[in-house]
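# Structural characterization, general
Each chain, letter by letter, is given below.
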Amino acid sequence: MQPNNKKPKKTIKFSFYWMYAIILIFLIGMYYLDNNSMTKEVSFNEFEQYVQNGGIKKIIIYENKGIATGAVTDSLGEALFGKNYSKDVEALIETEVSRNFDQIVQKWKDEGKYNGIVAPNNDSGWGSILWSIGPILLLIGFWIFMMRRMSGGASGGSGGIFNVGKSKAQIFDKDNAIKVTFQDVAGLSEAKTEIEEIVEFLKNPQRYTELGGKIPKGALLVGPPGTGKTLLAKAVAGEANVPFFSMSGSDFVEMFVGVGASRVRDLFRQAKEKSPCIVFIDEIDAVGRARGKNPNMGANDERENTLNQLLTEMDGFGSNSGVIILAATNRADILDKALLRAGRFDRQIYVELPDLNDRIAIFNVHLKNIKMSNDVDVELLARQTPGFSGADIANVCNEAALIAARHKKDSVERQDFIDAVDRIIGGLEKKSKITTDEEKRSIAIHEAGHAVTSWHLQYANPLIKVTIVPRGKALGAAWYLPEERQITTVQAILDEICSTLGGRAAEELFLGHISTGAANDLERVTKQAYAMVVYYGMSSRLPNISYYDSTGQSYGFTKPYSEERAKLIDEEVSLIISEQYERAKDLLRQYAAGHKELAELLITREVIFTEDVEKIFGKRKWTSRTDEILAAKEAEKTQSELPPANMPPLPE
Ligand code: ADP
């Protein structure tokens, strides 16, 4: 195990610039060490000859190297070095000398043969040593440095080239226990039941094995991002009180061949040592993607090796070894089939986006730490956040607290939460965006068009509020409460298309010209209409046909239908859209007066709520399913407080 969980040491960070600095210093050093000279080796006799002929200006004795050099005069230099000689360069002759050379020189001096300078020099020759091995050292240093960078060794300082193949899993055990328990995971009741069983396996394995059952080897958590998969895995570790190895699929991936596989091996070796334990691999699709069908074409061999190793390891240990693998992904469809077969990830646990009740529970978990004022209605918040994941809800709570803090409030109020939701859905309010009065009127008429049509369509989502304050990229927006429904009928989609087209229809009817403001609406409508025709088989001329490919693999570049059929599809789509557009216009003509009133109100107030629309058109004829769910829940609550009807009478 790498000591990854050590406290980070305070070291100077080794960065790329260091390398430049070292190279620069080296070069400068070399320049000064090498004093730019030309040397010729001669015999001692020759040397003596040159001295006697007065060709030597200066003698330097390198006693510990047993040599002496003599700087020659210009005339001798020219004679010795020929054309190469230049006055700018020091010309030297060099000879091997005996230990008592200084005495010989003294003798020459005394005899008047030499009258130049004599300089002893005890240079140990570091310069030349540096010259010969310096570049090699530099290369080795550079190589080690690159290795460390590649293996991400700089983090924690424990990487190095020799640890490349070690797994980078973080381990959590008794020493640094995870404090997450199932209490922290709200909703997800089905997933929780399945996962609680895994905790039971780890706590009392014999209870299951005695009956001949095998402990599952792994469970795959599948679901959209932010729905609490990691949280669930952490809760398992927290509850089971066993070591927990956490790793992301991408941690296996490295640019060296074979490293991924070796990391997998290392991970499993460690896990087996610490068994019983849990190994959690987040984002497993990074390694678990389906292996390429054509081995010659762009298949990533390294990733496949890693995956193969993972598959082997998962098969390799007995199911009673007590290592349970949890993996999370939001793309189960692209995973390799071999990974999904029973015996590897025996269980697939679907973690869905939370429904209304789950959202209430999740809000309650995250609101625990927030100082709230009494006016906060958790149910309303949950209703206003359809389609939000657990992570989004955590974000709303945090954002609300930040907004309240910005306004220096003592507690977080209802309005702060509503602002936080609006902000997360629509982006930041841009009050300063310049809109002319005419633009404002056009936006108001457009948004009022949505409001009016949706109000009068049974299956359109009920309206919460409409604003013409620019927000994010939108110039205006209408907030709806999407229904909590699992299946959608034709009528519901048509109603939705109709109300989405309501904006453009209102522009055409009441402004006399249409604008680009509806581009977003049109995009949505077109997609919906295409989906109706080609995915859901809902059009009259192409009934019960679906060209949807849930595996996302088979069709490739070719369309699975003919040109004629393509034409037919286009015609059907256009028909649906034009019919709904006419329907929207009819509705708007019918409620033109109300529309006008609503638009005026929008221009003056910039934002209107359900109550305002209610005042103009009266109560909506249809109740929403969300209301029904909440009413049922309310009824359940009061019922459980009452004694059951058929309870036997209490004894007197
Ligand atoms: P993912 O599914 O992408 O792994 P996470 O488990 O990392 O999502 O969730 C991110 C955060 O969202 C969590 O740390 C938690 O705060 C919050 N969250 C998500 N789902 C739930 C839930 N069911 N109950 C409570 N909090 C949740």
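Above this text is the structure in question.
Everything numeric in this text was worked out from a predicted model, so none of it was measured. (Residues numbered from 1 in each chain as written. Predicted model: local features only at pLDDT ≥ 70, side-chain atom pairs only at ≥ 80, totals over all residues. Heavy atoms only, no water.)

## A short note on helix α3 (residues 74-81)
Defined as follows: Burial here depends on accessible area, computed with a 1.4 Å probe over protein chains only, as a share of the maximum for the residue type. Under 20% is buried, over 50% is exposed, and the range in between is partly exposed. Only DSSP runs of H or I covering at least 4 residues are called helices, and only runs of E covering at least 2 are called strands; the numbering of each starts at the N terminus. What the arc measures is the spread of directions leading from the helix axis to the C-beta atoms.
Buried within α3 are the following residues: Leu76, Gly77, Leu80 and Phe81. When α3 is viewed along its axis, its buried side chains cluster within an angular range of 110° and face the same direction. Facing away from the buried side of α3, by more than 90 degrees, are the exposed residues Ser75 and Ala79. Gly82 occupies a position one or two residues after α3 and carries a positive phi of about 65°.

## Focus on the side chain of Asp612
Quick reminder of the rule: Any two residues having at least one pair of non-hydrogen atoms within 4.5 Å are treated as being in contact.
Tracing the backbone through its elements, the reader meets Asp612 in helix α22 (residues 610-617). Once residues within four sequence positions are removed from consideration, Asp612 is found in contact with Leu601 and Arg605.

## A few points about the sheet that holds strand β11 (residues 347-350)
The condition that has to hold: Here the rule is simple: two strands pair whenever DSSP picks up at least two bridges between them. Between N-to-C directions, angles cover 0 to 180 degrees, with each direction set by a line fitted to C-alpha atoms, over the stretch in contact for helices.
If you walk across this open sheet you meet the 6 strands as β6-β8-β9-β10-β7-β11, and the pairing is mixed. In this open sheet, the two strands that pair with only one neighbour each are β6 (170-172) and β11. Within this sheet the neighbouring strands show an average axis-to-axis angle of 20°, counted without direction. Two elements, strand β9 (residues 277-282) and strand β10 (residues 323-329), share 5 bridges in a ladder whose sense is parallel.

## Some thoughts on unusual backbone geometry
With a phi close to 55°, Lys408 is a non-glycine residue in the positive phi region. Relative to the assigned elements, Lys408 resides in the loop between α15 (390-406) and α16 (414-426). Look at Asn544: it is not a glycine, yet its phi comes out positive at around 55°.

## Side note on the packing of aromatic side chains
Selection criterion: Within 6.5 Å between ring centres, the rings of Phe, Tyr and Trp (the latter by its six-membered ring) count as paired, and their orientation is classed by plane angle as stacked under 30 degrees, edge-to-face over 60, tilted in between.
This model, assessed by the stated rule, comprises 8 aromatic pairs. Taking 5.9 Å as the distance between ring centres and 85° as the angle between the ring planes, the aromatic pair formed by Phe101 and Trp108 counts as edge-to-face. Taken individually, Phe101 and Trp108 each receive the classification buried, so the pair is uniform in this respect. Note on Phe244 and Phe280: the rings are 6.0 Å apart at their centroids and 15° apart in plane angle, and the pair reads as stacked.

## Structural notes on the pairing of strand β8 (residues 244-248)
As paired elements, β6 and β8 share 3 bridges and run antiparallel to each other. Bridge pairing in β8 links Phe172 to Phe244.

## Here we look at helix α13 (residues 356-367)
In plain terms, the rule: Any helix carries an expected span of 1.5 Å times its number of residues minus one.
The first and last C-alpha atoms of α13 sit 16 Å apart over 12 residues, in line with the 16 Å expected at 1.5 Å per residue. Within α13, the full set of buried residues consists of Leu356, Asp358, Arg359, Ile360, Ile362, Phe363, Val365 and Leu367.

## Structural notes on the packing of helix α19 (residues 519-535) against helix α20 (residues 563-590)
Worth spelling out the cut-off: Note on angle classes: values under 35 degrees are labelled roughly parallel, values over 145 roughly antiparallel, values of 65 to 115 roughly perpendicular, and the remainder oblique. Here a crossing is called left-handed whenever its near helix is offset anticlockwise from the far helix by less than a right angle, and right-handed whenever the offset is clockwise. Gly is put with the polar residues, along with every residue not named as nonpolar or charged; the nonpolar set is Ala, Val, Leu, Ile, Met, Phe, Trp, Tyr, Cys and Pro, and the charged set is Asp, Glu, Lys and Arg.
Contact geometry of α19 with α20 gives a least axis separation of 9 Å together with a crossing angle of 125°. With respect to α20, the element α19 is oriented oblique. As for how α19 packs across α20, the hand of that crossing is right-handed. Judged by residue contacts, Val525, Thr526, Ala529, Tyr530, Met532, Val533 and Val534 of α19 engage Ile569, Asp570, Glu572, Val573, Ile576 and Ile577 from α20. By residue class, the composition of the contact of α19 with α20 is 10 nonpolar, 1 polar and 2 charged.

## With respect to the environment of Arg441
For Arg441, the location among the structural elements is in helix α17 (residues 437-455). For the pair Arg441 and Ile468, spaced 27 residues apart in sequence, the C-alpha to C-alpha distance is 9.3 Å. The contacts of Arg441, once residues within four sequence positions are left out, are Phe510, Leu511 and Ile603.

## Describing the environment of Glu399
Relative to the helices and strands, Glu399 is located in helix α15. Sequence spacing of Glu399 and Arg423 is 24 residues, and the spatial spacing of their C-alpha atoms is 8.9 Å. Discounting chain neighbours no more than four positions away, the residues touching Glu399 are Ala420 and Arg423.

## What to know about the pattern of salt bridges
Test applied: Salt bridges, as used here, are contacts in which a Lys or Arg side-chain nitrogen is within 4 Å of a carboxyl oxygen on Asp or Glu.
Scanning the entire structure with this criterion turns up 21 salt bridges. Note that Arg269 is salt-bridged to Asp266, the shortest N-O span being 2.6 Å. With Arg269 and Asp266 both in helix α9 (residues 259-273) and 3 residues apart, the pair spans about one turn of that helix. For Arg269, a relative accessible area of 38% puts it in the partly exposed group. For Lys619, the salt bridge is made with Glu614, and the minimal N-O distance between the two is 3.5 Å. Residue classification places Glu614 among the partly exposed residues on the basis of a relative accessible area of 26%. Salt bridges sharing common partners tie together Glu194, Glu197 and Arg347.

Everything listed here is a matter of coordinates, which is why it stays silent on function.
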